[in-house]
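Fold and contact review
Now for the letters of each chain:
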Amino acid sequence: MPEFLQFAFMRNAFVATTLIALMGSLVGYFVVLRRQAFASHALSNIGFAGAAGASLAGVDPMLGLLLFVMGAALVMAWTGRDMGERDVSVGMILMFSLGLGALFVNLYSANANAAIGILFGSVFGIDAGQIRWIAITSAGVLLGLGAIFRPLRFASLNPQAARAQGIPVATLDTLFLLLVGAAAAIAVPVIGSLLSFAIFVGPAAAAQAWCGRVGLGMGLTALLALLESLGGLLLSYYANLPASSCIAALSFGLYGLSRLPIRALRA
Amino acid sequence: MIEARGLAAGKGAALAFKHVSFQIAPGSFTALVGPNGAGKTTLFETILGLIPPRHGEIQVLGGTPSRMRRQIAYVPQALALAHDDALIGREFVSAAFQAHRLGLPLPGSRRRARAAVDAALDTVGAKDLATRRLSTLSGGQRQRLLIAQALVNRPRLVLLDEPLSQLDPAARDWIVAVAADLTRRGIAVIFSTHDINPVLRVCDRVLYLAQGRGRIGSVDEIICDETLSELYATPVRVIRDGGRRFVFADAPAA
């Protein structure tokens, strides 16, 4: 066994990060395809307010995070009919949530560390119980994504034609935002809300620049997410740097590489 | 194929049109003409069952519009794209194949999708676009892919919503030829346009909407002083020039 896997915290971190990388990146493929990167980033950040509110109320911060994120997903779906036109409402929901989060932290400064920890995540603090929840949620999100894959793909690429064909575009939009919300709620305690872009958007954006096919692109997205997250963990372990920073740096590096006009890298 | 009697429809409180009656035959080319706001898109939405008629009735392919929707294809005006959209043509077209089904496509379904996409691309003369990235395509090429996507589930009726509005003249001729070819394959086409001239030579009938009213007939029956003056409720003059027709009221109207 490699040296870094001799420690339970490293093994837990590897399992949790692998599950989150696979689930988050595959959901992220559609986030990028549907140009909902801002909504996904906002959902991740809204979790901070939920966790802070739960700390204040004396309940599990995870429960508050989940309720806030899923509630925000529903409000976003309700306020923006067109997926490309909801930037303003998403921004307002995000602003209000962050304001609430700051208020909760201010009111309950005694144990605000748990909520503030949500902002950056604590990948090396994951225990077996959390891994079980991450595995169950990841399986549920991926099953949900698989179930709506075909109508969601059509509605993402040509919503007007999909609606004309009788595909419930608005319902799909709500379901997808709920999947993003569930994915964000389970990923945020591990990778942090501020750095969730690294998993939800970075790999998919790079893969879509390199690959013009949906199936192949999703496979490449998952591969890049695993490379970024597991590579980030190793870099963090050996260089003694924060794991989230390493994952974010690798995600940014791959995205930057994908923007280079190198034809040979495009499939 | 479509039979509408005394149709009235609209969004919100106002009616876009009322007392509109028409029939569309299988394999026919109908030009849906009218100024902006005349109700062309509302009529398409009524045919698709997305808007219920306020008055009158409409039968599409022998059933109610919402029941027959899967046999109708709608082609929107243009393809909304990010500047860096890297998806290739084949992937875009195949996204519509059996898109109402839940679950991931199985291997058998993928084979059928490939055959359906090949046939659709061939029909619109876009085989060469199968491996091209959408971001590298011209407006006319994107329009052809939109039509190919509409054909992938073998519809019996295709509604084209202002497909010429953002195209140069050469691309316009291409799209009109592609639409006319669909009618030779037995597919009925309703082609909405501001300007009748690009489709004059191929359309069987003209359905003209203006001022909340509608009339259907041959080009000569509809694009004439009498009919258009009646529709616009104001004196209108149609001038013919080298096979083209120009409509004038106080200001040019179409």
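The preceding data block contains the structure.
A brief look at the structure comes next. These numbers were taken from a predicted model, which means no experiment stands behind them. (Residues numbered from 1 in each chain as written. Chains lettered and ligands numbered in written order. Predicted model: local features only at pLDDT ≥ 70, side-chain atom pairs only at ≥ 80, totals over all residues. Heavy atoms only, no water.)

Overview of the packing of helix α3 (residues 61–79) of chain A against helix α4 (residues 87–107) of chain A
All names here are of chain A. At their nearest, the axes of α3 and α4 sit 10 Å apart, and the two run at 155° to each other. Looking at the two axes, α3 sits roughly antiparallel to α4. Here α3 runs over α4; the crossing is right-handed. Where α3 abuts α4, its residues Phe68, Ala72, Val75, Met76 and Thr79 lie against Ser89, Val90, Ile93, Leu100 and Phe104. (Axes fitted to C-alpha atoms, helices over the stretch in contact; angles between N-to-C directions. Helix = DSSP H or I, 4+ residues; strand = E, 2+ residues; numbered from the N terminus. Parallel < 35°, antiparallel > 145°, perpendicular 65-115°, else oblique. Left-handed = near helix turned anticlockwise from the far one by under 90°. Contact = heavy atoms within 4.5 Å.)

A closer look at the sheet that holds strand β4 (residues 55–60) of chain B
Residues and elements named next belong to chain B. Judged by pairing direction, the sheet is antiparallel, and its 3 strands sit side by side in the order β2-β1-β4 without closing on themselves. The open sheet terminates on both sides in strands that have one partner only, identified here as β2 (17–24) and β4. Sheet twist, expressed as the mean angle between neighbouring strand axes with direction ignored, is 20°. Inspection of the sheet shows strand β1 (residues 2–9) paired to β2 by 5 bridges, in the antiparallel sense. Looking at β2, one finds that Glu3 is bridged to Gln23. (Pairing = 2+ DSSP bridges.)

With respect to a nonpolar patch on the surface
All names here are of chain A. Side chains of Val88, Met92, Met95 and Phe96 sit close together on the surface and give an oily, nonpolar patch of about 460 Å² of accessible area. Looking at the secondary structure, you find Met92 in helix α4. The partly exposed category is assigned to Met92, whose relative accessible area is 48%. (Patch = residues over 30% accessible without salt bridge, like charges linked within 9 Å, V, L, I, M, F, W, Y side chains within 5 Å. Areas by Shrake-Rupley, 256 points an atom, 1.4 Å probe, with all protein chains shown as cover. Salt bridge = Lys/Arg side-chain N within 4 Å of Asp/Glu carboxyl O. Buried < 20%, exposed > 50% of the residue type's maximum accessible area, 1.4 Å probe, protein only.)

Focus on the sheet that holds strand β8 (residues 205–210) of chain B
All names here are of chain B. Taken in spatial order, the 6 strands make up an open sheet running β5-β6-β7-β3-β8-β9, and their pairing is mixed. Of all strands in the sheet, those with a lone pairing partner are β5 (72–75) and β9 (213–217), marking the two edges. Across this sheet, the average inter-strand angle for adjacent strands is 15°, counted without regard to direction. This element, helix α5 (residues 139–151), spans β5 and β6 (157–160) of the sheet and lies at about 165° to β5. In this fold helix α8 (residues 225–232) packs onto β8 and β9, with an angle of close to 160° to the strand it touches most, β9.

Here's the deal with the interface of chain B and chain A
Between chain B and chain A, the residue contacts involve 36 residues of the former and 30 residues of the latter. Summed over both sides, the interface between chain B and chain A buries roughly 2,700 Å², with carbon and sulfur atoms accounting for 51% of that surface. The tally of links from chain B across to chain A stands at 1 salt bridge. Seen at the junction of chain B and chain A, the total is 10 residue pairs in polar contact (both at pLDDT 80 or more). For the side of chain B that touches chain A, a count of residues per class yields 21 nonpolar, 7 polar and 8 charged. (Buried area = accessible area lost by both parts, 1.4 Å probe. Polar contact = N/O pair within 3.5 Å; in protein donor to acceptor, adjacent residues only side chain to side chain. Nonpolar A, V, L, I, M, F, W, Y, C, P; charged D, E, K, R; others polar.)

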